[in-house]
Every structure is written in C-alpha cells, then in structure tokens.
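Descriptive analysis of the structure
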Amino acid sequence: MVKFHVFFGLFLLSFALVNVAIATPTRKYVGVYELKKGNFSVKITNWGARVISVVLPDSKGKLADVTLGYEKVASYINDTTSFGAVVGRVANRIAGAQFSINGTQYKLVANDGNNTLHGGHRGFSKVIWTVKDLKHGKFPYIKLTYHSFDGEQGFPGDLEVSVTYKLVGDYAMSVAMKAKARNKPTPVNLAQHAYWNLGGHDSGDILSNTLHLFASHYTPVDSSLIPTGQIAPVHGTPYDFLHAHPIGSRIGKLPAGYDINYVLDMGAERHGMKKAAVLKDGKSGRVMELWTNAPGVQLYTSNFLKDVVGKGGYVYEPHAAVCLETQGFPDSVNHPNFPSQIVNPGEVYKHYMLFKFTFE
C-alpha cells in the first residue's frame, strides 16, 4: 500500500526539500527539491528524476513557470506524458520490442503497440531515484542515481545511472547524464523529457514560437514512428528549421504535428557541446538555447496531450508545449548505419545538455 506524507525543510536557501509525497513499503521516499539562484528556480523530484518546474522572468521581469507538469507529486505516479522525466534505459522507440547484441536476442516489454517506448512500461521515468548529493552556494546542484538491474524491462546487464542538474549561470541549467555497464553489453540512450512553453505553462499553444534547429538531416519514420533507416535532408520538407520560423507555419502539412529525430550538424563546440536549437517566444521575450554532445534531438510538439489537468488546474491540449529531447537516434539497436548506443562493461555513457535562457 502506498502511503502519503508531507513535511517541509529548508537547506541553506539554495535548495529546498519542498515536500515528501510518497513512501514505498521499502521506505524509499519521493521528495521535491528546489535549486535557486536569484529569481531563477528549478524544482526536481526523484520520482523519475523529473524537472517539474522552471521559473524565470520574462523581458519585463514577470516570473512564470515555463514547463508543463502537475500540481501534486502524486499525479506523476500514473503519468503517461513523461513530463520532465529522465527516460530510459533507451529513450524513444525500439521496433518490435527486441534487438540483438553479439548474436544474443533480447525481448523487451512492449508498451507502444508492438514496440518499446522510453524503456518500457516501467522505464526510468517510473522509478524512485536516490538523491546522492545536494549542494548550495554559487552553483547549486542535485545529483540523483539509479541502479537498473539485469533483465529490467528485458534489457541486459546491471547499469549504474546518474543525472546531475546544476544552475551554472544567472539563467542557465546544465544536465549531465552518465551510465556505467557492469557486466553485459547493453544499449543506453537517456533523454530529458521536459515540455517547454516559454510563455508560461498556462499561456496556450506554442505554434507562434520560433524555432531554429541546427540540423540539415532527419531520420524519416513509418506509420508507427519507427525510423526507416534512411537519413534524409530536411530541405524542401516541413521538417526544415535551418532558418528560424514559427513552429506552426508548416505543422498543417503533418498528420498530427512534429515527432521526429533530427541529425545534428557538426558545429563549433563549447565545452564539448554543440548548439542544437534556439527557441523563442515573441510575447514574453524569453529565448532558450540548447547545447548538447548528443548526435540527435527529437522535436515533439506534444501532439498527444488531450484534456490533461496540470498545474493550477490548467488543462493542457495538443501543442501546449514543445519537447527538444537530445538523444541517440531512435531504434539504433536495429539500424547498423546509426550511431551505436551499445555500452560495454567498464565503459561510461556520457550525455550533456545546457539550457541557457536570455530575454529580448
């Protein structure tokens, strides 16, 4: 039986344990933690290592929460949207819920028709992570860890996983994901699944937001959103964001909206990362730059949201947010021409992101 508890605590003003919502039979607690730097704050829960709010000012100094989510932590337990979660062991889709490594076939848990999506029915977004470290000061951060056991959702080998969220500037957050395979080769592809609406989570749709993607190619998909294996140019297609333009300007040419992986171009690097995207909201003046070391980014315009009751009772509908999930290519385990996601014992998977916010 799941029990619910609430208490409050404060940690040196730089981060706060806001509440504890869930206690499992093994006494693992789910909490909400706040990283704060001036009027920039980020709240995180160890249920799925989720970012559940990002509050920052607009060009006139008015504060707003720019990520979608729920009012209460308990609502995330049965969440099907992956709001703000770390998804894995393998983000995105694996065709037929199966793959082979070195001649050994592995059958996964199918949770998206015949396919596996975001690690299966009980992926990393639906487990309790351990809060390993909390630090205050000039650059407050939280580190969360999770041990994924051999055979979890069908994936081979023990895997030690960590994610660190850190406020690294007045309005910048870094995300560092790492994973170490202990005893068997295994695919690893972690992604951060925040739903962004720079106008504020309750400001309506994001179709007027402008987007610039630094990607001249994408990976086409079939009717089940499984990559065909082709790497195609975006030029002449609705997927072309090589020049910034409103997200909604070509969305009508697609069946429901954007849900596609882009192949990031090789560009100038900064601290081992390249610029992946720039998202702008003209009304608020907020701008978000996304940097990463990953080879791809999934553009998803929250096509499947419908009548989802979120924070403050606001109801989220399709296109209420945009997800920019840096990642390895979907279904890479079944496409030898895609960058490999296999991590061998002793190797360390490293995935870095930087979210930098400015105002115009």
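See the structure printed just above.
These remarks concern the structure in this document.

Basis of the calculations
- Here the residue numbering is sequential within each chain, running from 1 through the sequence in written order.
- Totals for whole chains, interfaces and linings use all residues, but because this is a predicted model, local features are given only for residues with pLDDT of at least 70 and pairs of side-chain atoms are given and counted only at 80 or more.
- Side-chain calculation: all heavy atoms of the structure are included, whereas hydrogens and water are not.
- A run of H or I in DSSP becomes a helix once it reaches four residues, and a run of E becomes a strand once it reaches two; helices and strands are each numbered from the N terminus.
- A radius of gyration in this sense is built from C-alpha atoms; the matching globule rule multiplies 2.2 Å by the number of residues raised to 0.38.
- Accessibility here uses a 1.4 Å probe with only protein chains present; expressed as a share of the type maximum, an area under 20% marks a residue as buried, one over 50% as exposed, and anything in between as partly exposed.
- Should any heavy atoms of two residues lie within 4.5 Å, those residues are counted as being in contact.
- One side-chain nitrogen of Lys or Arg within 4 Å of one carboxyl oxygen of Asp or Glu is enough to make a salt bridge.
- As used here, the term nonpolar core means buried Ala, Val, Leu, Ile, Met, Phe, Trp, Tyr and Cys residues forming a set that is joined through side-chain atoms within 4.5 Å.

Some thoughts on the overall build of the protein
For the protein, the helix and strand inventory stands at 0 helices and 30 strands. Here the C-alpha radius of gyration of the protein, 19 Å, is about what a compact globule of 360 residues would show, namely 21 Å. Oriented by its inertia axes, the alpha-carbon framework of the protein measures out at about 50 × 50 × 40 Å. Across the 360 residues that make up the protein, the buried fraction comes to 56%. If you take every contact in the protein between residues at least 6 apart in sequence, the share linking residues at least 24 apart comes to 63%.

What about unusual backbone geometry?
In the segment running from G88 into R89, the intervening peptide bond is cis, with an omega of 10°. Despite not being glycine, A97 has its phi angle at roughly 55°, a positive value. Mapped onto the elements of the fold, A97 is located in the loop between β7 (93-94) and β8 (98-101). Overall, A97 belongs to the buried group, its relative accessible area being 1%. Positive phi, close to 55°, is recorded for H118, a residue that is not glycine. Within the element layout of this structure, H118 appears in the loop between β10 (116-117) and β11 (130-135).

Looking at the pattern of salt bridges
Using the criterion set out here, one finds 7 salt bridges in the structure. D112 is paired through a salt bridge with R93; the nearest N and O atoms lie 2.9 Å apart. Here D112 is found in the loop between β9 (104-107) and β10, whereas its partner R93 is found in strand β7, with 19 residues between them in sequence. Between E152 and R122 there is a salt bridge, with its nearest N and O atoms 3.5 Å apart. Taken together, the residues span a long stretch of sequence, with E152 in the loop between β12 (141-148) and β13 (159-169) and R122 in the loop between β10 and β11 at a distance of 30 residues.

Quick word on the nonpolar core
With 62 residues, the main nonpolar core has W129, Y165, W196, Y262 and L324 as its most contacted residues. L324 has contacts with L211, L213, A277, M288, L290, V297, Q298 and L299, leaving out every residue within four places of it along the chain. Of all hydrophobic cores here, the second largest spans 18 residues; its members include I52, Y76, I128 and Y316.

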